[in-house]
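Given next are the chains, with one letter for each unit.
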Amino acid sequence: MVAKIFIGMAAVLAVLVAVIAMRPDTFHIERSVSIAAPPERAYSQVDDFHQWSTWSPWEKLDPDMKRSYSGAPSGTGAGYGWTSTGKAGEGRMTIEDATAPSKISIRLEFVKPFPATNQATFTFTPTPSGTTVVWAMDGKNGFMSKAFSLVANVDKLVGGDFEKGLAAMKANAERGATTQAAVTN
């Protein structure tokens, strides 16, 4: 009887491991927003890590988060690190490519709670009414990420944070555009 239970549990575990292993090896999360302002208004908020506290949803997770900046003050080579005992964990970002005012590519390295390296990309496309900003993140799914994706919709979780961040970026850029227009008139 005990042997049958053990064999049954082993079979269930083997099926679960197989299902997890067959999950996608990579992920892509993307959200966009239309902003009634020129691309430079949104671009400058991403290109300078010192500006992230005005729009990034993760900056508000831990008021005691420790931040550090390295490399260039903005643009290619700019670096930003954070350490948090709260929900923000620990990690660092480095701008690998900055093509003003159209694209920024960032290497995103998480140290805690789980090590991971992802690529974040922001594109800023001019439109007749302003700018379309696209925030995307790509990375690899390890075994634990694949297992987590069985119980949680990671696209919805991270995408929701992207939406909050883009909404704050939009408000900042449009507020800046309104202020600039009032000064010029």
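Residues numbered from 1 in each chain as written. Predicted model: local features only at pLDDT ≥ 70, side-chain atom pairs only at ≥ 80, totals over all residues. Heavy atoms only, no water.

### What to know about the side chain of Glu-109
Moving on, step 1. Looking at where Glu-109 falls in the secondary structure, it is placed in strand S5 (residues 103–112).
Moving on, step 2. Once residues lying within four places of it in the same chain are set aside, the contact partners of Glu-109 are Trp-82, Glu-90, Gly-91, Arg-92, Ala-116 and Thr-117. (Helix = DSSP H or I, 4+ residues; strand = E, 2+ residues; numbered from the N terminus. Contact = heavy atoms within 4.5 Å.)

### A closer look at the pairing of strand S3 (residues 79–83)
Moving on, step 1. Along S3, four of the five residues are buried, which leaves the element largely enclosed by surrounding structure.
Moving on, step 2. Relative to S3, strand S2 (residues 66–70) runs antiparallel, the two being bridged by five bridges. Counterpart to Tyr-69 in the pairing with S3 is Tyr-80.
Moving on, step 3. The loop that links S3 with its antiparallel partner strand S4 (residues 90–99) comprises six residues; one of these, Gly-89, has a positive phi angle of about 65°. (Buried < 20%, exposed > 50% of the residue type's maximum accessible area, 1.4 Å probe, protein only. Pairing = 2+ DSSP bridges.)

### Describing the nonpolar core
Moving on, step 1. Judged by nonpolar contacts, the single largest core of 31 residues is most densely connected at Val-46, Ile-106 and Phe-122.
Moving on, step 2. Per element, the largest residue contribution to this core is five residues, and it comes from helix H4 (residues 154–184).
Moving on, step 3. Apart from residues lying up to four places away in sequence, Ile-106 is in contact with Val-46, Phe-49, Trp-52, Met-93, Thr-94, Ile-95, Glu-96, Asn-118, Gln-119, Ala-120 and Phe-122. (Core = buried A, V, L, I, M, F, W, Y, C linked by side-chain atoms within 4.5 Å.)

### Re the pattern of salt bridges
Moving on, step 1. Summed over all chains, the structure comprises seven salt bridges.
Moving on, step 2. Between Asp-155 and Arg-31 there is a salt bridge, with the nearest N and O atoms lying 3.1 Å from each other. Taken together, the residues span a long stretch of sequence, with Asp-155 in helix H4 and Arg-31 in strand S1 (residues 26–35) at a distance of 124 residues.
Moving on, step 3. Between Glu-59 and Arg-67 there is a salt bridge whose closest N-O contact spans 2.6 Å.
Moving on, step 4. Assessed through its relative accessible area of 9%, Glu-59 is described here as buried.
Moving on, step 5. Arg-67 gets classed as partly exposed once you look at its relative accessible area, which sits at 34%.
Moving on, step 6. Among the ionic contacts, a cluster of salt bridges with common partners joins Arg-31, Asp-155 and Glu-163. (Salt bridge = Lys/Arg side-chain N within 4 Å of Asp/Glu carboxyl O.)

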